[in-house]
Amino acid sequence: MRARRETLVIGALCAAWYALSSASNVVGKLVLTEFPFPLTVALVQLAATAACSVPALALCGAPPLPSACRLRALVPLALAKFLTTVFSQVSIWKVPVSYAHTVKATTPLWTAALAWVIFGERQSRSVQAALVVIAAGVALASATELHFQTAGLAAALAAAALLSLQHLLTKRVMQGSRAHPLRLLQALSALAMLALAPMWALSEGGEVASWRRTGAGTSARAGALLAADGVLAWLQAVAAFSVLARVTPLAYAVASAAKRAVVVLASLAVLRNPAPPLNVAGMTLAVLGVLLYNRAKLSRSAGPLLPV
């Protein structure tokens, strides 16, 4: 009975995670369509995550960060999070959400490259084969994307590379401490927000103020969408952590790949951006490649398994 209840809880959490992640990406695209300031959207997401985590931490009674999580260890990870958030917003601003998420499936490629450069780790043939499948899927999706933009592709690739670096740095921090995941998320979001604030003030601060003064667009609607986007970004991160705490690494990796597929399908259905059959085939191939990568990594017990 207990196992059945736990299965139902995990299923409900996965459903919430998929729904929140899909809603976050769709709302994010709507925000950037009406309010074309990606740095501002990224800043609001980070601020909302840091702020909303405070009452949640108080409710769950999470302990403070251990001494192993010193500022020197957190700053590189916060910088990676800050840049990942910025490039992610630029990518969905420039290209459809479905294509941006397909390109982000190249995360294992970047992880393998970084692991080779930093740790000298060589990949098995099964892992190399999975990486080829991912590359083929992304290449096919890029070649057949009707709204292709080089800037969008570059931003999505940068986000994937930085996400890989974030995975490697997070693994090091988590191995060296027993930090509560939500506490770590709150600290990194706050530090990333502080790093982004000066760049935002210099690049978009004046433009946003001018946009509001000239009445370009509906400020109230844009503000509501921006607030909703920030809260959704936090909620989907909390849902992801909740799933991770209850399942094995392989189950989480599979659930993450399924989540990416749901986000792609939801964006196609809600935003109705056209996707030719070959484009859909490329997206499917990329997600399949990530599943194969995680399976190959698990079979050799040579992490990290990648949420996608």
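Residues numbered from 1 in each chain as written. Predicted model: local features only at pLDDT ≥ 70, side-chain atom pairs only at ≥ 80, totals over all residues. Heavy atoms only, no water.

Asks: So what's going on with the confidence of the model for the protein? Residues and values would help.
Replies: Averaged over all residues, the pLDDT of the protein equals 82, while 88% of them reach at least 70. Within the protein, helix α2 (residues 38-60) carries the highest mean pLDDT (89), whereas helix α10 (residues 249-271) carries the lowest (76). (pLDDT = per-residue confidence, 0-100. Helix = DSSP H or I, 4+ residues; strand = E, 2+ residues; numbered from the N terminus.)

Asks: Break down the UniProt feature "transmembrane region" (unreviewed entry) in the protein for me, citing the residues and quoting the values.
Replies: As annotated in UniProt, the feature "transmembrane region" (unreviewed entry) corresponds to residues 39-61, 73-93, 99-119, 126-144, 150-170, 182-202 and 222-243 in the numbering used here. The span residues 73-93 carries 100% helix and 0% strand; its end-to-end C-alpha distance comes to 32 Å. Counting secondary structure, residues 126-144 comes out at 100% helix and 0% strand; the distance between its end C-alpha atoms is 27 Å. (UniProt positions renumbered as here; feature names shortened; annotations may be inferred.)

Asks: If you had to explain the side chain of E145 to someone new, which residues and values would you point to?
Replies: Structurally, the position occupied by E145 is in the loop between α6 (125-144) and α7 (150-175). Here E145 sits buried without a salt bridge, and the closest side chain of opposite charge, K29, lies 9.0 Å off (N-O distance). (Buried < 20%, exposed > 50% of the residue type's maximum accessible area, 1.4 Å probe, protein only. Lys, Arg positive; Asp, Glu negative; His and termini not counted. Salt bridge = Lys/Arg side-chain N within 4 Å of Asp/Glu carboxyl O.)

Asks: Quick rundown of the side chain of E204? Include the residues and the values.
Replies: Within the secondary structure layout, E204 lies in helix α8 (residues 181-214). Buried and without a salt bridge, E204 has K94 as its closest oppositely charged side chain, separated by 10 Å. Apart from the residues lying within four places of it in its own chain, the contact partners of E204 are F37, P38, L39, T40 and M199. (Contact = heavy atoms within 4.5 Å.)

Asks: Can you lay out the packing of aromatic side chains for me, pointing to particular residues and giving the numbers?
Replies: Two numbers describe a pair of aromatic rings. These are the distance of the centres and the angle of the planes. Under the defined criterion, the tally for this structure stands at 3 aromatic pairs. Measuring from centroid to centroid gives 5.9 Å for W17 and Y18, while their planes differ by 40 degrees, and the two rings are tilted. The two residues W17 and Y18 agree in class, both being buried. The positively charged end of K94 is found above the aromatic ring belonging to W93, 4.3 Å away from the centroid. (Phe/Tyr/Trp six-rings, centres within 6.5 Å; stacked < 30°, edge-to-face > 60°. Lys NZ or Arg CZ within 6 Å of the ring centre and 35° of its normal.)

Asks: Summarise the nonpolar core; cite the residues concerned and give the values.
Replies: Note on soluble globular proteins: their nonpolar side chains tend to be buried together. Among the nonpolar cores identified, the biggest contains 43 residues, and W17, V31 and F35 are the most heavily contacted of them. Residue assignment for this core shows that the elements contributing at least two residues are α1 (2-34), α4 (97-103), α6, α7, α8, α9 (219-244), α10 and α11 (277-299). Beyond its immediate sequence surroundings of up to four residues, V31 is in contact with V41, L225, L226 and D229. Membership of the second largest hydrophobic core comes to 10 residues, among which are L46, V86, V90 and A192. (Core = buried A, V, L, I, M, F, W, Y, C linked by side-chain atoms within 4.5 Å.)

Asks: Which residues make up the packing of helix α5 (residues 107-119) against α6, and what values go with them?
Replies: Put simply, α5 and α6 touch, their axes get as near as 9 Å, and they point 135 degrees apart. The orientation of α5 relative to α6 falls into the category oblique. As for the relative orientation of α5 and α6, their crossing is left-handed in sense. Where α5 abuts α6, its residues P108, L109 and A112 lie against L131, I134 and A135. (Axes fitted to C-alpha atoms, helices over the stretch in contact; angles between N-to-C directions. Parallel < 35°, antiparallel > 145°, perpendicular 65-115°, else oblique. Left-handed = near helix turned anticlockwise from the far one by under 90°.)

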